[in-house]
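Chain residues, written in single-letter form:
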Amino acid sequence: MPIETKNEIMASNLSFTYYGSETPALNHLDFCINQGDFVLITGMSGCGKSTLASIMAGFLRDQEHGEMSGEVVVKGTKAKPVEELAGTIGVIQQDPDSQLCTFTVKEEIAFGPENLCLEVAEIERRVDQAAKQVNIQVLIERENHTLSGGQKQRVAIASILAMEPAILILDEPTANLDPQGTQEVVRTLEMINKCTDHTVIVIEHRIERFLALANRLFVMEKGRLIYDGEPIAGLSVYQKCMWEAGKVSRKSLMLHRQLKEPKQQNSMTVASNTRGKPLLEGKDLCYYIEQKKVLDAITFKIRAGELVAIMGNNGSGKTSLFLTLLGIYRAHAGELFMHGKSITTDDVGERAKHIGLLFQNPNHQIFEKTVADEMKMPSQFLREEPVDEEIVEGLLERLSLQAYKNKPPFLLSQGEKKRLTLATLLTYQPEILLLDEPMAGQDQRHLDLLLQILLEYCQRGNSCIVACHLPEVVLEYFDRVLFMEDGKLLYDDVPSLVFHKLAKKGYVEFEMTDKNAQMVGDGNEN
């Protein structure tokens with residue numbers, strides 16, 4: 001006798017258009033998600049994935065946030081508000097800061113169970129279990145504001161797991177996580193889905209992480225659902241979509257890659273070779289948070305034309321280093337030089353004329369009412385000459401933001417917001433770009449495009465320093481890696497040599513193929 005399949009979420013002719021937008025974010029969607037399904041939702045940035053998640057969870061309502069037609073039925077009931085779905089659907093959003101609402105990690109994980117009016121012993125059990133599931137026991141007494149973006153993401157996941165919802169929706173849950181954190185989240189979701197009747201829905205660009213777990217793949221394009229079926233069979237649909245959208249940028253990227261091929265050499269001295277004059281130099285930089293040394297005597301030198309990656313696990317000090325370089329954090333010790341001149345005592349405003357910072361969370365640096373005004377704002381404060389309208393128009397077109405030119409930035413997806421904040425920096429052209437996880441939330445087309453833009457920027461004699469969790473991208477396109485661990489600069493060298501050392505040290509995510517290993521040659525093992 002066949003086992004009865006329970007429908008968890010059904011959508012019928014579902015459409016949604018945000019107020020202020022002429023184009024539907026969702027366009028006539030029909031689907032049915034069953035109990036126990038593991039659904040992987042993918043598509044280009046801005047295709048409607050996050051909007052779909054928000055409607056399923058009850059965050060977006062007809063007439064309140066936009067106009068909706070059709071219907072969504074969750075567990076047999078139509079259009080429940082979010083407060084009534086709290087014990088049924090748990091949502092981990094793209095932006096963890098928008099989800100954290102208490103003071104400490106422990107309070108954050110306990111917040112949901114407390115609002116379900118559970119017994120104290122049960123709340124404590126759930127807090128302990130959720131912390132273990134994403135391996136954040138060591139953070140349990142930390143204050144949320146002291147955490148890195150990746151650590152906040154894991155806390156947000158734990159806070160939802162503690163609610164023990166029947167349906168779990170995760171919007172790019174690994175976007176800000178280091179490889180180890182990513183593996184832990186993937187293992188946790190596998191356990192939840194296989195060992196229980198929970199339904200798991202994951203929105204993701206880097207779908208290879210979840211293909212082995214999913215039994216359904218949704219591919220979205222311009223608000224439409226163009227594929228709903230078995231994941232492996234649907235790969236060709238997704239790849240064709242990505243290829244057609246990105247073939248122009250990919251061709252240009254391959255050209256830039258060929259121009260940079262000589263960077264991979266067999267000597268430990270490559271990192272000290274002169275690509276250009278030193279632009280930025282740090283000597284013994286130290287910074288403390290709550291008496292903890294988050295930057296421990298950091299010394300480095302960035303030369304003109306270099307594309308440099310900063311890597312390391314969540315909480316290793318990458319973001320703190322960026323904030324210290326711009327002057328938002330004032331170094332407690334050490335010196336910083338630009339063009340050989342000390343800027344240690346310069347304030348943020350003075351440094352920002354030459355150093356542009358893209359925050360890990362784009363919402364922290366978006367202020368204007370329209371996308372075009374947002375792009376022009378830094379130039380108005382940091383440059384004496386008027387904003388070049390041709391540059392603005394060119395960047396809007398190139399970064400797929402032209403349709404939003406006169407629209408509010410809040411209409412953009414997280415990936416689009418990251419491209420907008422990058423565009424604001426490119427508009428006023430600082431000599432050095434500090435980019436904190438710019439590739440998070442980008443589909444393959446826009447990842448290729450960002451790499452192309454950064455390579456062009458460096459070829460003009462500027463320098464880019466990028467926090468990145470993608471070893472394969474860094475190995476192929478970056479000149480150097482600064483690898484951080486517990487606030488210290490552990491390695492500073494070409495990617496192939498750094499990755500070789502990290503693999504020997506036990507970082508499995510940096511193990512290279514035989515082809516890549518040949519780049520290491522006979523370099524010394526310091």
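In this text, all values refer to a predicted model and were calculated from it rather than measured experimentally. (Residues numbered from 1 in each chain as written. Predicted model: local features only at pLDDT ≥ 70, side-chain atom pairs only at ≥ 80, totals over all residues. Heavy atoms only, no water.)

What about the packing of aromatic side chains?
Tallied over the full model, the rule gives eight aromatic pairs. Look at Phe483 and Tyr507: their rings are 5.4 Å apart centre to centre, the planes differ by 80°, and that puts the pair in the edge-to-face class. In this pair, Phe483 sits in strand β19 (residues 480–485) while Tyr507 sits in the loop between α15 (495–505) and α16 (514–517), placing the two residues 24 residues apart along the sequence. Note on accessibility: Phe483 and Tyr507 belong to one class, buried. One aromatic cluster is present, formed by Phe483, Phe499, Tyr507 and Phe510 through successive ring pairs. (Phe/Tyr/Trp six-rings, centres within 6.5 Å; stacked < 30°, edge-to-face > 60°. Helix = DSSP H or I, 4+ residues; strand = E, 2+ residues; numbered from the N terminus. Buried < 20%, exposed > 50% of the residue type's maximum accessible area, 1.4 Å probe, protein only.)

Observations regarding helix α11 (residues 389–398)
Every α-helical turn comprises 3.6 residues, leaving residues that sit three or four positions apart pointing alike. Looking at α11, one finds that the buried residues are Val392, Leu395 and Leu396. Along α11, the residues classed as buried sweep out an arc of 100° about the axis, all on the same side. Exposed and facing more than 90 degrees away from the buried side of α11 are Glu390 and Glu397. Buried positions along α11 lie against α10 (371–382) and α12 (414–428). The residue sitting at the N-terminus of α11 and contributing the capping side-chain oxygen is Asp388; that oxygen lies 2.9 Å from the backbone nitrogen of Glu390. (Arc of directions from axis to C-beta. Contact = heavy atoms within 4.5 Å. Polar contact = N/O pair within 3.5 Å; in protein donor to acceptor, adjacent residues only side chain to side chain.)

Some words on the confidence of the model for the chain
With 88% of its residues at a pLDDT of 70 or more, the chain has an overall mean of 85. Scored below 50 in pLDDT, residues 513–526 makes 24 contacts in the model with residues more than four places away or belonging to other chains. (pLDDT = per-residue confidence, 0-100.)

Re the packing of α11 against α12
The geometry of α11 relative to α12 is characterised by a closest axis approach of 10 Å and an angle of 150° between their N-to-C directions. Judged on the interaxial angle alone, α12 and α11 are roughly antiparallel. Both α11 and α12 take part in a crossing whose hand is right-handed. Together, Ile391, Val392 and Leu395 of α11 and Ala423, Leu426 and Thr427 of α12 make up the contact between the two elements. Taken together, the residues of the contact of α11 with α12 break down into five nonpolar, one polar and no charged. (Axes fitted to C-alpha atoms, helices over the stretch in contact; angles between N-to-C directions. Parallel < 35°, antiparallel > 145°, perpendicular 65-115°, else oblique. Left-handed = near helix turned anticlockwise from the far one by under 90°. Nonpolar A, V, L, I, M, F, W, Y, C, P; charged D, E, K, R; others polar.)

Section: the pairing of strand β9 (residues 216–221)
Burial within β9 is extensive, with five of its six residues counted as buried. In this structure, strand β3 (residues 38–43) lies alongside β9, joined through five bridges in parallel fashion. Within β9, the residue paired with Thr42 across the bridge is Val219. Across five bridges, β9 lies against strand β10 (residues 224–229) in antiparallel orientation. Counted as the bridge partner of Met220 is Leu225 from β10. In this structure, the hairpin formed by β9 and β10 is closed by a connection of two residues, where Lys222 is found at a positive phi of approximately 50°. (Pairing = 2+ DSSP bridges.)

Quick word on the environment of Gly461
Mapped onto the elements of the fold, Gly461 is located in the loop between α13 (444–459) and β18 (463–467). Excluding its chain neighbours within four sequence positions, the residues that come into contact with Gly461 are Leu279, Ala304 and Gly305.

Here we look at the sheet that holds β9
The sheet built from six strands is open, its strands ordered β6-β7-β8-β3-β9-β10 with mixed pairing. Every other strand in the sheet has two partners, leaving β6 (89–92) and β10 as the edge strands with one partner each. Sheet twist, expressed as the average angle between the axes of neighbouring strands with direction ignored, equals 15°. Relative to strand β8 (residues 199–203), strand β7 (residues 167–171) runs parallel, the two sharing five bridges. Considered in β8, the bridge of Leu168 is made with Val200. Against the sheet, helix α5 (residues 149–161) engages β6 and β7, with an angle of about 180° to β6.

Some points on the nonpolar core
Counting residues in each nonpolar core, the largest one holds 80 residues, and the members touching the most others are Leu280, Phe300 and Phe478. Setting aside anything within four residues of it in sequence, one finds Leu280 in contact with Phe300, Lys301, Ile302, Leu325, Leu336, Phe337, Met338, Ile343, Ile355, Ile432 and Ile465. In this structure, Ile92, Val155, Ile157 and Leu235 belong to the second largest nonpolar core, which totals 45 residues. (Core = buried A, V, L, I, M, F, W, Y, C linked by side-chain atoms within 4.5 Å.)

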